[in-house]
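Letter by letter, the chains look like this.
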Amino acid sequence: MKRAFVLSGGGSLGAMQIGALRLLLERDIKPQIVVGCSVGALNGSFLATGCSLTQLQRAEEVWQRVTTDIVYPGAKMQAAWRFLTGQDSLYDNRRFYEFLQESGCTPALTFGDLRGARFYVTATHLRTGNLHVFGDDPHDRVLDALMASTALTPLHPPWEIFGEHYVDGGTVTPLPLRVAIERGADEIYALHLHRPNAEPTSKRLRGVTEHINQAVSTMLRLQADHDLYLAETARRVRLHYLPLWTDDPIEPIDFSHARTLIEQGYAKAAALLEHGANATLVNGHQPIWHWWRGRGLLGGSQENRNPVSSA
């Protein structure tokens, strides 16, 4: 059996995936393939180096060193100035690029150098709008792939590789299950930073920012739903669905709660797997509409969904 872990995007809430991954490895559930989008790609890079608790300890240390100012440097006035002067983004991502190097991901590191799980990173090719998968070519550079996958516009500028520009992989799908399926996975653990069946916001949306956020969140939620549908209908694939969310009022751009989120991710995964791995299994023989409605993913319950994050 070829097992894959698929890690969604979700901004700072991605720390929850580290806790969930620790729980999986402690139970000797290890992947041969890791597919990551955005922050999920950053987390997946540790498993690509080695599927061990030691690597996850390194990941926890990195998470506790990262700050909001590293990812989104500068004050709001600086962001406003960049907007008014026609810059490509509200924030510069050079400091984040340096941080990844300080954390051990050198510019020379290629996917062919990795000795852990087979690793794939998704990004969006800006010119065509197509999903691009790094890792099929062993000469692809890991650092470039991570920068491309996390280039969430308009916060970060597109990342240039050999004259082509790429942005966050979540622009096409924040949960790239299709990538794992296309590369031969027949068992998938999907770590989705998403709150199923969440009630829609009751407050009135005000201002351009809130309206854009709602529209983009809706678009990305539906894209994730599409990949979940593809995985569920691929009868040969055993899909374990692990939604991860927090009840704390933590924004996806707030990186000051890593320890809390890691612990919550571990506890959430433990609760989901309390009755064994089959407790998270989406039964391929179950009628499609039963499973989707049960998680609020299709049908009349769509209006009740609200993702944790889209980054």
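What you are looking at is a predicted structure, and each value in this text was computed from that prediction instead of being measured.

Engineer: Would you mind going over the pairing of strand β4 (residues 131–134) with me for this structure?
Structural biologist: In regular strands, side chains alternate between the two faces of the sheet. The pairing of strand β3 (residues 118–125) with β4 spans four bridges and is classified as antiparallel. Looking at β4, one finds that Val-121 is bridged to Phe-134. Counting the residues between successive antiparallel strands, the hairpin from β3 to β4 contains five residues, one of them, Gly-129, with a positive phi of roughly 80°.

Engineer: Mind showing me how you'd approach the packing of aromatic side chains here?
Structural biologist: The geometry of an aromatic ring pair comes down to the distance between the two centres and the angle between the two planes. A complete count under the given rule lists seven aromatic pairs for this structure. Between Tyr-72 and Phe-255, the ring centres sit 6.5 Å apart and the planes meet at 50°, which makes this aromatic pair tilted. Of this pair, Tyr-72 sits in the loop between α4 (68–71) and α5 (76–84) while Phe-255 sits in the loop between β8 (238–244) and α10 (258–272), placing them 183 residues apart in sequence. No difference in accessibility class separates Tyr-72 from Phe-255, as the two residues are buried.

Engineer: Would you explain the pattern of salt bridges in this entry?
Structural biologist: Two side chains with opposite charge may pair up if their charged atoms get near one another. Throughout the structure, instances matching the rule amount to 12 salt bridges. Of the charged contacts, one joins Arg-95 and Glu-98 as a salt bridge, the two residues approaching to 3.8 Å between their closest N and O atoms. Of the two residues, Arg-95 and Glu-98 are both situated in helix α6 (residues 94–102); the distance of three residues between them amounts to about one turn of the helix. Among the residues examined, Arg-95 registers a relative accessible area of 30% and is labelled partly exposed. Where Arg-127 meets Glu-164, a salt bridge forms, and the shortest distance between an N and an O atom there is 3.4 Å. With Arg-127 in the loop between β3 and β4 and Glu-164 in strand β6 (residues 164–168), this pair connects stretches of sequence that are 37 residues apart. When salt bridges with common partners are traced through the structure, they connect Arg-22, Glu-26, Glu-60 and Arg-259 into a single cluster.

Engineer: For this particular structure, what's the right way to read the nonpolar core?
Structural biologist: Across soluble globular proteins, you tend to see nonpolar side chains buried next to one another. Among the nonpolar cores identified, the biggest contains 62 residues, and Phe-5, Leu-21, Trp-63 and Phe-134 are the most heavily contacted of them. Sort the elements by how many residues they give to this core and helix α1 (residues 15–26) lands first, with eight residues. Leave out the neighbours within four places in its chain, and Phe-134 touches Phe-111, Phe-119, Tyr-120, Val-121, Ala-123, Asp-140, Ala-145, Ala-148, Ile-161 and Tyr-166. Formed by 18 residues, the second largest nonpolar core is a distinct cluster that contains Ala-180, Ala-185, Ile-188 and Val-282.

Engineer: Looking at this model, I keep getting lost on the environment of Thr-106. Mind explaining?
Structural biologist: Mapped onto the elements, Thr-106 comes out in the loop between α6 and β3. The spacing of Thr-106 and Arg-141 is 35 residues in sequence and 9.1 Å in space, taken between C-alpha atoms.

Engineer: What am I meant to see in the pairing of strand β7 (residues 187–193) here?
Structural biologist: Judged by how many residues are buried, β7 sits mostly within the fold: seven of seven residues are covered. Note that strand β1 (residues 3–7) and β7 share five bridges and pair parallel. Within the sheet, the bridge partner assigned to Leu-7 lies in β7 and is Leu-191. Pairing analysis gives seven bridges linking β7 to β8, with the strands arranged parallel. Among the inter-strand pairings, Leu-191 is bridged to a residue of β8, identified as Leu-242.

Engineer: Explain helix α3 (residues 53–65) here, please?
Structural biologist: Because an α-helix completes one turn every 3.6 residues, residues spaced three or four positions apart along the sequence face the same direction. Taking 1.5 Å of rise per residue, 13 residues should cover 18 Å, and α3 covers 19 Å from first to last C-alpha, within 8% of that figure. Buried residues in α3 make contact with α1, α2 (39–49), α6 and α10.

Engineer: Where do I start with the packing of α1 against α10 in this structure?
Structural biologist: Between two packed helices, both the angle of their axes relative to each other and the distance between the axes serve to describe the pair. Following both chains from N to C, one finds α1 and α10 inclined at 45°, their axes separated by 6 Å at the closest point. By the criterion of interaxial angle, the relationship of α1 to α10 is oblique. Classified by chirality, the crossing of α10 by α1 is right-handed. Judged by residue contacts, Ala-15, Met-16, Ile-18, Gly-19, Ala-20, Arg-22, Leu-23 and Glu-26 of α1 engage Ala-258, Leu-261, Ile-262, Gln-264, Gly-265, Tyr-266, Ala-269 and Ala-270 from α10.

Engineer: Before we go on, may I ask you to explain unusual backbone geometry in this structure?
Structural biologist: Along the chain, Thr-153 connects to Pro-154 via a cis peptide bond; the corresponding omega equals 5°. As for its position among the elements, Pro-154 is in the loop between α7 (142–149) and β5 (159–161). At Asp-28, a position not held by glycine, the phi torsion is positive, near 60°. Tracing the sequence through the fold places Asp-28 in the loop between α1 and β2 (33–37). Taking the relative accessible area as the measure of exposure, Asp-28 reaches 55% and is therefore exposed. The phi torsion at Ser-38 lies on the positive side, around 55°, for a residue other than glycine. By the element assignment, Ser-38 lies in the loop between β2 and α2. According to the relative accessible area criterion, Ser-38 is buried, its value standing at 5%.

Engineer: Sorry, what's going on with the layout of surface pockets here?
Structural biologist: It is a probe the size of a water molecule, rolled over the atoms, that shows where empty space is left. The computed volume of the second largest pocket comes to approximately 530 Å³. Surrounding the second largest pocket, 32 residues form its lining, Leu-42, Asn-43, Phe-96, Leu-100 and Leu-146 being those nearest its centre. Ranked by residue count, the leading element in the lining of the second largest pocket is α2, at seven residues. Considering only residue class, the lining of the second largest pocket consists of 21 nonpolar, nine polar and two charged.

Definitions and cut-offs
Residues numbered from 1 in each chain as written. Predicted model: local features only at pLDDT ≥ 70, side-chain atom pairs only at ≥ 80, totals over all residues. Heavy atoms only, no water. Pairing = 2+ DSSP bridges. Helix = DSSP H or I, 4+ residues; strand = E, 2+ residues; numbered from the N terminus. Phe/Tyr/Trp six-rings, centres within 6.5 Å; stacked < 30°, edge-to-face > 60°. Buried < 20%, exposed > 50% of the residue type's maximum accessible area, 1.4 Å probe, protein only. Salt bridge = Lys/Arg side-chain N within 4 Å of Asp/Glu carboxyl O. Core = buried A, V, L, I, M, F, W, Y, C linked by side-chain atoms within 4.5 Å. Contact = heavy atoms within 4.5 Å. Expected span 1.5 Å × (residues − 1). Axes fitted to C-alpha atoms, helices over the stretch in contact; angles between N-to-C directions. Parallel < 35°, antiparallel > 145°, perpendicular 65-115°, else oblique. Left-handed = near helix turned anticlockwise from the far one by under 90°. 1 Å grid on protein atoms, 1.4 Å probe; cavity = no way out; pocket = protein on both sides within 12 Å on 5 of 7 lines; lining within 4 Å. Points joined across faces, edges and corners; volume = space filled by probe spheres on them. Nonpolar A, V, L, I, M, F, W, Y, C, P; charged D, E, K, R; others polar.

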